[in-house]
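Survey of secondary and tertiary structure
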Amino acid sequence: MNEVWNLDPIYKGFDDPAFAADMDTLSQKVKAMGEFAGKLQEGTAEEMLRAGIRLEEETSALAGKLGGYASLRQSTNTRDPEAGSRMGQIMSLLSGTAGPRAAFREWASKLPNLMELVHGDEVLADYEFLFANMEQNSKYLLPGMGEEIMARMELSGGN
């Protein structure tokens, strides 16, 4: 029985250039989400919905890979300070997406024909459940930067 996890298929370590490159890419994606949230009125509704979903998916997948690696490293050795530190860095970066994500969701939920757009577009139709929930849950979003402030507070147990 193998008692050692081999995480090399994900990253060779925290000093792996691929890990550093993915952290940089995640940082860029977070910045791009902020910029995107400020440009929601610049394209057609369909274009912006597709772009928002694509950006959220890319960011989520990358954060999942990075966070999964750090979490698995920490699971195998709870005294690994670097794993905890990296996990904190990833969570801190992701907290910067709360405001832009809330802005996108609020904007999308206020589209008078949101579900018509979703049903009429092949790409968006795959996200029907997400958009329906977005529409329904938008009334619970905090205005302005409230969502981002709450996400940062949760990092320190302030929820």
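Structure: see above.
Let me sum up the structure you'll find in this document.

Reading the values: rules and limits
Residues numbered from 1 in each chain as written. Predicted model: local features only at pLDDT ≥ 70, side-chain atom pairs only at ≥ 80, totals over all residues. Heavy atoms only, no water. Helix = DSSP H or I, 4+ residues; strand = E, 2+ residues; numbered from the N terminus. Buried < 20%, exposed > 50% of the residue type's maximum accessible area, 1.4 Å probe, protein only. Contact = heavy atoms within 4.5 Å. Polar contact = N/O pair within 3.5 Å; in protein donor to acceptor, adjacent residues only side chain to side chain. Axes fitted to C-alpha atoms, helices over the stretch in contact; angles between N-to-C directions. Left-handed = near helix turned anticlockwise from the far one by under 90°. Nonpolar A, V, L, I, M, F, W, Y, C, P; charged D, E, K, R; others polar. Core = buried A, V, L, I, M, F, W, Y, C linked by side-chain atoms within 4.5 Å.

**Here we look at the overall build of the chain**
In terms of regular secondary structure, the chain is built from 8 helices and 0 strands. Ordered by position in the sequence, the α and β elements of the chain form the string α-α-α-α-α-α-α-α. Within the chain, buried positions represent 36% of all 159 residues. Look at the contacts in the chain between residues 6 or more apart in sequence, and 73% of them connect residues 24 or more apart.

**Some details on the side chain of Thr97**
Within the element layout of this structure, Thr97 appears in the loop between helix H3 (81-95) and helix H4 (98-109). On the accessibility criterion, Thr97 (6% relative accessible area) is buried. With near-sequence residues (within four places) excluded, Thr97 lies in contact with Val30, Met33 and Thr59.

**Concerning the environment of Arg50**
Mapping Arg50 onto the fold places it in helix H2 (residues 45-76). You can call Arg50 partly exposed: its relative accessible area is 29%. Considered as a pair, Arg50 and Val118 are 68 residues apart in the sequence and their alpha carbons are 9.7 Å apart. Setting aside residues no more than four positions away along its own chain, Arg50 makes contact with Asp121, Val123 and Leu124. Only 2.8 Å separates the side chain of Arg50 from the side chain of Asp121, close enough to count as a polar contact.

**As for the packing of H2 against H4**
Two numbers describe how H2 lies on H4: the axes approach to 11 Å, and their chain directions differ by 145°. Like other packed secondary-structure pairs, H2 and H4 cross with a definite hand, here left-handed. Between H2, through Ala45, Met48, Leu49, Gly52, Ile53 and Glu56, and H4, the contact on the second element is made entirely by Arg101, Phe104, Arg105, Trp107 and Ala108. Residues that form the contact of H2 with H4 fall into these classes: 7 nonpolar, 1 polar and 3 charged.

**A word on the nonpolar core**
Residues Phe36, Leu49, Phe104, Trp107, Leu111, Leu114 and Phe131 are the most contacted members of the largest nonpolar core, which totals 20 residues. Only helix H1 (17-37), H2, H4, helix H5 (114-119) and helix H7 (128-137) provide two or more residues apiece to this core. It is H2 that contributes the most residues to this core, 6 residues altogether. Counting 13 residues, the second-largest nonpolar core is a separate cluster that includes Leu7, Leu62, Tyr69 and Ala83.

Structural measurements only, silent on function.
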